[in-house]
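Here is how the chains run, residue by residue.
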Amino acid sequence: MATRIPSPPKVGMVSLGCPKALVDSERILTKLRSDGYGLSPDFDGADVVLVNTCGFLDSAKEESLEAIGEAIAENGRVIVTGCMGKEADVIRARFPDVLAVSGPQQYEEVVGAVHEAAPMPPSPYVDLVPEAGLKLTPRHYSYVKISEGCNHRCAFCIIPSIRGDLVSRRPDAVLREAEKLVAAGTKELLIISQDTSAYGLDLKHASWPWKDGDVRAHMTDLARELGKLGTAENPVWVRLHYVYPYPHVDQVIPLMAEGLITPYLDIPFQHASPRILKAMKRPANEAKVLERIAKWRAICPDLTIRSTFIAGFPGETEEDFQYLLDWLDEAQLDRVGAFRFEPVEGAQANALPDAVPDEVTEERYARLMEKCAAISAAKLQAKIGSMRKVIIDVADGEGGATGRSQADAPEIDGEVHLRDAHGLEAGDMVDVRIEDADEHDLFGVPEMPA
Ligand code: SF4
């Protein structure tokens, strides 16, 4: 018997306004078409109708409202976007039944709203990509980008001039993507951005409907909802990267203590000397970080903190550098990466006086590495004899396997090397008794349930 390919939903479009709005309409339709949607030339044949509005003049607004009214009357399932989308209250007051409203250039929101209103029936015969999209990482872990750009202007960084200011994704879009990844086999979600703690600032931390309630565009709320994607039978690790220690970071520590998200924070401190941090123009540069780290550890003793530091930033004196080494002794960070300062074309730091000579930078870098290796070795030694949950990255099929504990992010941190790991596969999570450690890695044996 022939396999019946389900026909795709059809989208109708009413496009009003200027050429820029027309280009937006084309872009939205191109994306929907590439997602497999059909297009409908009339209201009758459409499963959902998009109205791309204009809000330039009062007369254009009235024309937009009339077009929405006509689409509601003729079809009933209407999504509004474009310039008048900025006046969502006016639209919703007059047409409470519209399915979604978004502003100009919010392509992701519009396309997401169409997917929600008229989902594509999955078909393994026609889908070019799996439900969760194409991935360059192994199936069991996935990076999820929650925002693009950055509002800071750190002196050594050119990212804001390339990527612009912070633009956060809607929390429901992030969660929908994460949910698909989990359904497709992801066991570990790696949350990335330039500045994860600032997530949602540009959206004024507004809320969007999610499941039976709402979710706020805020790091804490997003982390909590991401944590709920795991279950006792299918645990999911949620790992936060590029977190700056703004005051509200304190709120995610209890979520880690509860086991809802992974007790791991990647905080790129870059230095500790207040003078150098000021010259670097670092965000959340405050004196009480050590006190806060101590409080976080009191709430969540298993917390792993990873960071990176720069040696040889312009103006760094031996005193500043020694301050950093002493600070590290006190902070006892679990994982530390070190870099030598390099002038990047276009960075403000290049114009700063008192460049540190290369040989001095090199010598400080070596001392920094030595300090970090000693702290890491001592921290790992203390884990010998303990039980750790480990996710398997590679199994050789002959009893050897390599994985990571919750303290280890892929690619950047250490690994856990297993013996007698027969029958394990990539993505399995197992309890491991730690038997040995070196400067960066742990060694252990899985304890399988009897
Ligand atoms: S280094 Fe500073 S400016 Fe660059 S992306 Fe990070 S926070 Fe933003």
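Residues numbered from 1 in each chain as written. Predicted model: local features only at pLDDT ≥ 70, side-chain atom pairs only at ≥ 80, totals over all residues.

As for the overall build of the protein
Working step 1: For the protein, the count of helices and strands is twelve helices and 20 strands.
Working step 2: Oriented by its inertia axes, the alpha-carbon framework of the protein measures out at about 70 × 65 × 35 Å.
Working step 3: Relative to its full complement of 450 residues, the protein shows a buried share of 37%.
Working step 4: Across the protein, every contact between residues at least 6 apart in sequence was considered, and the portion connecting residues at least 24 apart equals 70%. (Helix = DSSP H or I, 4+ residues; strand = E, 2+ residues; numbered from the N terminus. Buried ≥ 20, exposed ≤ 12 C-beta atoms within 10 Å, placed from the backbone. Contact = placed C-beta atoms within 7 Å.)

Points about the sheet that holds strand β2 (residues 38-40)
Working step 1: Taken in spatial order, the five strands line up as β2-β1-β3-β4-β5 in an open sheet, and their pairing is parallel. Bordering the open sheet on either side are β2 and β5 (100-101), each of which pairs with just one other strand.
Working step 2: Inspection of the sheet shows strand β4 (residues 78-82) paired to β5 by two bridges, in the parallel sense. Note on β5: the bridge partner recorded for Val-80 is Val-101.
Working step 3: Most of the contacts of helix α2 (residues 58-74) go to strand β3 (residues 48-53), to which it runs at about 175°, and overall it touches β1 (10-15), β3 and β4.
Working step 4: Along the sheet, helix α4 (residues 107-117) makes contact with β1, β3, β4 and β5, crossing β4 at roughly 175°. (Pairing = 2+ DSSP bridges. Axes fitted to C-alpha atoms, helices over the stretch in contact; angles between N-to-C directions.)

Things to note about the site of the ligand
Working step 1: Around the ligand, the neighbouring residues are Cys-150, His-152, Arg-153, Cys-154, Cys-157, Ile-159, Pro-160, Gln-194, Asp-195 and Pro-283.
Working step 2: Classifying every residue of the shell around the ligand by side-chain character gives six nonpolar, two polar and two charged. (Near = placed C-beta within 6 Å. Nonpolar A, V, L, I, M, F, W, Y, C, P; charged D, E, K, R; others polar.)

Considering the environment of Val-101
Working step 1: If you trace the backbone, Val-101 turns up in strand β5.
Working step 2: We classify Val-101 as buried; it has 27 C-beta atoms within 10 Å.
Working step 3: Taking C-alpha positions, Val-101 is 9.0 Å from Glu-87, a pair spaced 14 residues apart along the chain.

What about the domain arrangement of the protein?
Working step 1: For the protein, the domain assignment lists domain 1 (10-117), domain 2 (141-381) and domain 3 (387-446).
Working step 2: When residues of the side of domain 2 that touches domain 3 are traced back to their parent elements, those giving at least two are β9 (188-192), β12 (237-240), β13 (264-266), β14 (304-311), β15 (335-340) and α12 (358-381).
Working step 3: In terms of residue count, α12 provides more of the side of domain 2 that touches domain 3 than any other element does, five residues in total. (Domains from an automatic or database assignment.)

Thoughts on the UniProt feature "binding site: [4Fe-4S] cluster 1" (unreviewed entry) in the protein
Working step 1: Within the UniProt annotation, "binding site: [4Fe-4S] cluster 1" (unreviewed entry) is assigned to Cys-18, Cys-54 and Cys-83. Across 66 residues in sequence, these annotated residues keep their C-alpha atoms within 10.2 Å of one another, forming a single compact spot.
Working step 2: With 21 C-beta atoms counted inside 10 Å, the residue Cys-54 sits in the buried group.
Working step 3: With residues near it in sequence (within four places) discarded, Cys-54 still touches Leu-16, Gly-17, Cys-18, Ala-21, Ala-60, Ser-64, Gly-82, Cys-83 and Met-84.
Working step 4: Contact partners of Cys-83, with chain neighbours within four places excluded, come to Gly-17, Ala-21, Thr-53, Cys-54, Gly-55, Phe-56 and Pro-104. (UniProt positions renumbered as here; feature names shortened; annotations may be inferred.)

Some points on the nonpolar core
Working step 1: Leu-189, Leu-222, Ala-223, Leu-226, Val-238 and Val-252 are the most contacted members of the largest nonpolar core, which has 61 residues in total.
Working step 2: In terms of residue count, helix α6 (residues 171-183) provides more of this core than any other element does, five residues in total.
Working step 3: Setting aside its immediate chain neighbours within four residues, Leu-222 contacts Ile-146, Pro-171, Val-174, Tyr-199 and Val-215.
Working step 4: Met-13, Leu-32, Ala-46 and Met-84 belong to the second largest nonpolar core, which has 29 residues in total. (Core = buried A, V, L, I, M, F, W, Y, C linked by C-beta atoms within 7 Å.)

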